[in-house]
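Spelled out, the chains give:
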Amino acid sequence: MNFVKHLILLMATAGVQSAVAAMNHNGMMMDETGMIMNSNTDNVPRDCKKIAGDVNITVRAGHKQAKKFNGIMYAFDQQQWEVPPCSRINVTFINEDKIRHQFMIHDLPGYIYPQGMFTMEIYGPGQKTASIIVPSQRKTYLVHCEVPQHMEKGMKAQLKVDGGDGDLPSIPGISAAVNADSYWVDWDKSAWGVLLVSFFAGAAVLLLLNRIKRNPAREIEEETGS
């Protein structure tokens, strides 16, 4: 009986250890609310002698943040952040939607950040905090959400280190799109019919409003005998 208890305890311990290993594997930390990949609080890039200082930023993401732009469904509350070289950036990422959103930075040094990436992901409403240390190089880094179609629908920004090396394309409110939206109309008979009906309906409304506006003036003239 004691042997069975010890066996069950051993299996349970092994299961817990496996789960913990899966939750923090190769720089990825996961739980039931989301994921953080390649957070870095103390590994200084090779071109930095030390951490220059801390920069704390709060990033809100969701549908609400996109309302200030036309034709965009999702967005961050800011589209650009500027930080000094060799800064430690402490990011508090807040997801205000009931769907998945990410805060992802690309092209960071691969010897610190595997695949050059730093990622925060939240599966629904909530928030997480993580850090990165940026190199000294003057550069503009892409920030976006990699959930399918979210970047195309507006969730894209840029992080400028030491002023950056220019603006990235298609940043909402900052730079022009590479391929601007084009809404063309197939001018078949039904389209022309709708256009004509709309034109005459608009003209009729204007005439009616003009007649209503004139009638009170005529009534005043008749009452005064003018």
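(A) Just the environment of His63, in detail. The topology assignment puts His63 in the loop between strand E4 (53-62) and strand E5 (75-76). For His63, a relative accessible area of 42% translates into the label partly exposed. Measuring from C-alpha to C-alpha, the distance between His63 and Asp97 comes to 6.8 Å, with 34 residues separating the pair along the chain. Setting aside residues no more than four positions away along its own chain, His63 makes contact with Met73, Tyr74 and Asp97.

(B) Examining the confidence of the model for the protein more closely. Summary statistics for the protein give a mean pLDDT of 86 and a share of 81% for residues scoring 70 or more. Every residue in residues 12-22 is under pLDDT 50, and counting partners more than four places away or in other chains gives zero contacts.

(C) Representation of the state of the cysteines. Under the definition given, this model contains one disulfide. Disulfide pairing places Cys48 opposite Cys86 at an S-S distance of 2.1 Å. Taking the sign of the S-S torsion, about -90° here, the bridge from Cys48 to Cys86 comes out left-handed. With Cys48 in the loop between strand E3 (34-37) and E4 and Cys86 in the loop between strand E6 (80-83) and strand E7 (87-95), this pair connects stretches of sequence that are 38 residues apart. Accessibility expressed as a relative area gives 8% for Cys48, which makes it buried.

(D) Spotlight on the pairing of E6. Of the two faces of E6, only one is covered, namely that formed by Trp81 and Val83; the face formed by Gln80 and Glu82 stays uncovered. Bridge count for E6 against strand E12 (residues 156-161) is four bridges, and the pairing is parallel. Paired with Val83 across the bridge in E12 is Val161.

(E) A look at the pattern of salt bridges. Tallying each qualifying case throughout the model produces seven salt bridges. Of the charged contacts in the structure, one is a salt bridge between Asp162 and Arg138, with a shortest N-O distance of 3.6 Å. On the criterion of sequence distance, the pair formed by Asp162 in the loop between E12 and helix H2 (189-224) and Arg138 in the loop between strand E10 (126-133) and strand E11 (139-144) is long-range, its members being 24 residues apart. Looking at Asp162, the relative accessible area reads 32%, which means it is partly exposed.

(F) Inspection of the environment of Ser39 at higher detail. Within the secondary structure, Ser39 is located in the loop between E3 and E4. Excluding its chain neighbours within four sequence positions, the residues that come into contact with Ser39 are Met29, Phe118, Ala130 and Ser131. From its side chain, Ser39 meets the backbone nitrogen of Ser131 in a polar contact 3.2 Å long.

(G) Fine view of the packing of aromatic side chains. Across all of its chains, the model carries five aromatic pairs by this definition. Ring centres of Phe199 and Phe200 lie 5.4 Å apart, and the angle between their planes is 75°; this geometry places the pair in the edge-to-face category. The exposure class of Phe200 is exposed, given its relative accessible area of 54%. What links up through ring pairs into an aromatic cluster is the set Phe76, Trp81, Phe93 and Phe103.

Scoring rules and cut-offs
- Residues numbered from 1 in each chain as written.
- Predicted model: local features only at pLDDT ≥ 70, side-chain atom pairs only at ≥ 80, totals over all residues.
- Heavy atoms only, no water.
- Helix = DSSP H or I, 4+ residues; strand = E, 2+ residues; numbered from the N terminus.
- Buried < 20%, exposed > 50% of the residue type's maximum accessible area, 1.4 Å probe, protein only.
- Contact = heavy atoms within 4.5 Å.
- pLDDT = per-residue confidence, 0-100.
- Disulfide = S-S within 2.5 Å.
- Pairing = 2+ DSSP bridges.
- Salt bridge = Lys/Arg side-chain N within 4 Å of Asp/Glu carboxyl O.
- Polar contact = N/O pair within 3.5 Å; in protein donor to acceptor, adjacent residues only side chain to side chain.
- Phe/Tyr/Trp six-rings, centres within 6.5 Å; stacked < 30°, edge-to-face > 60°.

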